[in-house]
Amino acid sequence: MVRSTMEPRERRSEALDAAALAVLDGERMRELAAWTALTLETASPVPFGAEILNTRTGTQLMRAHNAVAPEHDPSSHAEVRVIRLACKKLEGFSLSGYTLYTTCEPCPMCMACALWAGLDRVVYGATIEDANRFCRQIQIPATEVASRSDMTCTVDGPIEQEACVALFTHPNMQRAFKTWSSKR
Ligand SMILES: [Zn+2]
């Protein structure tokens, strides 16, 4: 009897938490997409931006863009970079207690890096399929990489997909893709 009176209230509060988190996810992803869009006016436009926040407080720890071209490094995806920079800042290798937001679903390399870092949660905007319309991709969903690991990491997305896909379809980005070796 006690259970039956407690459960609905607990469920309501969980539902409220989920609704509040969905609003926050949307706000954060739109903000990240806007920040990433700043690159579209530079000499090295990229549609890929990532940010790490404290899961509990929402405090921003670090953010980064994809820098494969300027760094001459095929592993300089936004997610790998932001994880490296965040770990350097914390002077540790664990990002347990943190959430990663990224404008595009992490590729297998980036999702593996997120799992090795012990991130609580990964939230993405555009999907690998969206990105694949414009550049080559490895067709393994982030959820599959996570599910086949021994680590626990929640993967949520797509969130604000339209705003994130707009980074790919922007005329400046479309012009830049023509110079990419990984163009479709
Ligand atoms: Zn990647």
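Relevant structure appears above.
This is a predicted model, so every value here is computed, not measured.

Thresholds, definitions, all that
Residues take numbers from 1 onward in each chain, read along the sequence in its written order. At least 70 in pLDDT is required for a residue's local features to be given in this predicted model, at least 80 for side-chain atom pairs to be given and counted, and no such filter applies to totals for whole chains, interfaces and linings, which use all residues. Structurally, a nonpolar core is described as a collection of buried Ala, Val, Leu, Ile, Met, Phe, Trp, Tyr and Cys residues joined by way of C-beta atoms within 7 Å. Here the C-beta atoms are placed from the backbone, and a residue counts as buried if at least 20 other C-beta atoms lie within 10 Å of its own, exposed if 12 or fewer do, and partly exposed otherwise. Secondary structure elements follow DSSP: runs of H or I no shorter than four residues count as helices, runs of E no shorter than two count as strands, and numbering proceeds from the N terminus. Remark: residues whose backbone-derived C-beta atoms lie within 7 Å of one another are considered to be in contact.

Engineer: Sorry, what's going on with the nonpolar core here?
Structural biologist: One broad trend across soluble globular proteins is that nonpolar side chains are buried collectively. Core analysis: the biggest nonpolar cluster contains 43 residues, and Ile 52, Val 82, Ile 83, Ala 114, Leu 119, Val 122 and Cys 164 have the highest contact counts within it. Among the elements that make up this core, the one with the highest residue count is helix H4 (residues 108–117) (six residues). Residues within four places of Val 122 in sequence aside, it is in contact with Leu 100, Pro 106, Ala 114, Ala 142, Cys 153 and Val 155.

Engineer: Please clarify how H4 should be interpreted in this entry.
Structural biologist: Residue pairs spaced three or four apart in an α-helix point in one direction, given the helix's 3.6 residues per turn. If you check which residues of H4 are buried, you get Cys 110, Met 111, Cys 113, Ala 114, Leu 115 and Ala 117. Summarising the contacts, the buried residues of H4 are in contact with helix H3 (78–90), strand S3 (98–104), strand S4 (121–126) and helix H6 (142–147). Downstream of H4 by a residue or two, Gly 118 has a phi angle that is positive, lying close to 75 degrees.

Engineer: Explanation requested: the environment of Asp 150 in the structure shown.
Structural biologist: On the secondary structure map, Asp 150 appears in the loop between H6 and strand S5 (154–156). For Asp 150, a count of 5 C-beta atoms within 10 Å puts it in the exposed group.

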